[in-house]
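# Reading the structure
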Amino acid sequence: MVYQWVRSVIIVILGSALVSVSFNMFLIPHQLLSGGLSGISMIIGYFTGWNIALLYFIFNLPVIVWGLMLIGRKFIVLSVVSVIMTTWFMDIFPHRPLAQNEILAAVTGGVLIGIGTGISMRAGGSTGGFDIIGSIITQKRDFPLGTALFVLNGIVIVTLGYYKDNWDLALFSMLSIFITGKVLDTIHTRHLKVTVFIVTRHTEALLEELLKIQRGVTVLSTEGAYTKHPQKMLMTVTTRYELEELRHLILRTAPDAFVNIVETIGIMGQFRRG
């Protein structure tokens, strides 16, 4: 358990370092934007000259508090580590462009953010911002979060192009955000929700652990086609933000379990999401 926590923290710190390198050495020197709260921090910093790292932390602070109050699990704790380390790395890493060409900066910056965010999510955390908001919202309802984020990012990008009178910057920023999403989808699951089917001999022990985290579970009666042995299968729905925590719980409680994870388009009815 301690080893798993240490490993997750180290991975999240590495992800924070990659994101900070992307910000300081690829996006910010060319006044490009990333997505989410970091993009909002950047555009305000470009227009006011304020410290972008400090703005990033200030904007994430109420979101972190909100997440700690409503969720308070490993995902949020690791996200807090990510936000703090990203802020610190942005202050100590040099602010100089490693790529002179805006397209190369946008592509490389997007790839680094995608990798940093992806490995952080695979470790059970996130890079803060809209990932925390998404975790809270998608726990309770089928909210079109992807559409909302697309619209918000679009507004920020258009604002950059309009007030800077440079639409190339806006288009390069859009390219960077698009690449970030594609890389993140490659490393982590792309859907906000997934359905997990679990077949194990430790049904009761696993069910007890799942109910502790207020996870809705359906118990299905099954039979092995070869052994003809009747057994139980657990079905639960979780968000991509909590998937790694669920994986670790299964490995800890029922290491021999057969697990099938299926991307979920949407949910109807009164199934408890958490």
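Now for a quick tour of the structure. (Residues numbered from 1 in each chain as written. Predicted model: local features only at pLDDT ≥ 70, side-chain atom pairs only at ≥ 80, totals over all residues. Heavy atoms only, no water.)

## Overview of the nonpolar core
Where we set the bar: Nine residue types can take part in a nonpolar core, namely buried Ala, Val, Leu, Ile, Met, Phe, Trp, Tyr and Cys, and a core is a set of them joined through side-chain atoms within 4.5 Å. Here's how the labels work: a residue is buried when its accessible area is under 20% of the maximum for its type, exposed when over 50%, partly exposed in between, all with a 1.4 Å probe on protein chains only. Helix and strand assignments follow DSSP, with helices taken as H or I runs no shorter than four residues and strands as E runs no shorter than two, numbered in order from the N terminus. The contact criterion used is simple: two residues touch if any of their non-hydrogen atoms lie within 4.5 Å.
In terms of nonpolar packing, the biggest core is built from 26 residues, with Phe-23, Ile-28, Leu-32, Leu-33, Met-42 and Tyr-46 touching the most fellow members. When residues of this core are assigned to their parent elements, the largest contribution, five residues, is made by helix H1 (residues 2-27). Sequence-distant contacts of Phe-23, defined by excluding residues within four places in its chain, comprise Ile-28, Pro-29, Ser-34, Ser-38, Met-42, Thr-86, Met-90 and Ile-113. In this structure, Leu-37, Met-121, Phe-130 and Ile-136 belong to the second largest nonpolar core, which totals 16 residues.

## Some points on unusual backbone geometry
At Gln-31, a residue that is not glycine, the phi angle is positive and equals roughly 55 degrees. Take Gln-31: it is sitting in the loop between H1 and helix H2 (36-48). Take Gln-31: its relative accessible area is 26%, and that puts it in the partly exposed class. Of note, Asp-165 is a non-glycine position whose phi angle comes to about 55 degrees, a positive value. With respect to the secondary-structure elements, Asp-165 resides in the loop between helix H7 (145-164) and helix H8 (167-187).

## Re the pairing of strand S2 (residues 217-223)
What counts here: One requirement defines pairing of two strands: DSSP has to find at least two bridges between them.
Pairing analysis gives seven bridges linking S2 to strand S3 (residues 230-239), with the strands arranged antiparallel. Within S3, the residue paired with Val-217 across the bridge is Thr-236. Counted between consecutive antiparallel strands, the loop separating S2 from S3 contains six residues, among which Lys-228 sits at a positive phi close to 60 degrees.

## Brief notes about the pattern of salt bridges
Oppositely charged side chains may form a pair once their charged atoms are brought near each other. So the rule is basically this: The salt bridge criterion pairs a side-chain nitrogen of Lys or Arg with a carboxyl oxygen of Asp or Glu, the two atoms within 4 Å.
Taken as a whole and assessed by the stated rule, the structure comprises one salt bridge. The salt bridge partner of Arg-201 is Asp-256, with a shortest N-O separation of 3.2 Å. Here Arg-201 is found in the loop between strand S1 (193-199) and helix H9 (203-212), whereas its partner Asp-256 is found in the loop between helix H10 (243-253) and strand S4 (258-264), with 55 residues between them in sequence. For Arg-201, a relative accessible area of 70% corresponds to the exposed category. The exposure class of Asp-256 is partly exposed, given its relative accessible area of 36%.

## Some thoughts on H10
For H10, the buried fraction is high: eight of the 11 residues fall into the buried class. Within H10 the residues assigned to the buried category are Leu-243, Glu-244, Glu-245, Leu-246, His-248, Leu-249, Ile-250 and Thr-253.

## Description of the packing of aromatic side chains
For clarity, the cut-off: The pairing test for Phe, Tyr and Trp rings, Trp by its six-membered ring, is centres within 6.5 Å, and the orientation test on the planes gives stacked under 30 degrees, edge-to-face over 60, and tilted for anything in between.
Within this structure, the stated rule accounts for five aromatic pairs. With centroids separated by 6.4 Å and ring planes inclined at 70 degrees, the aromatic side chains of Phe-23 and Tyr-56 adopt a geometry described as edge-to-face. Placement of Phe-23 in helix H1 and of Tyr-56 in helix H3 (residues 52-70) is noted, with a sequence separation of 33 residues between them. Side by side, Phe-23 and Tyr-56 carry an identical accessibility label, which is buried. With a centroid separation of 5.1 Å and 15 degrees between ring planes, the pair formed by Phe-89 and Phe-93 is classed as stacked. Members of the aromatic cluster, connected to one another through ring pairs, are Phe-47, Tyr-162 and Tyr-163.

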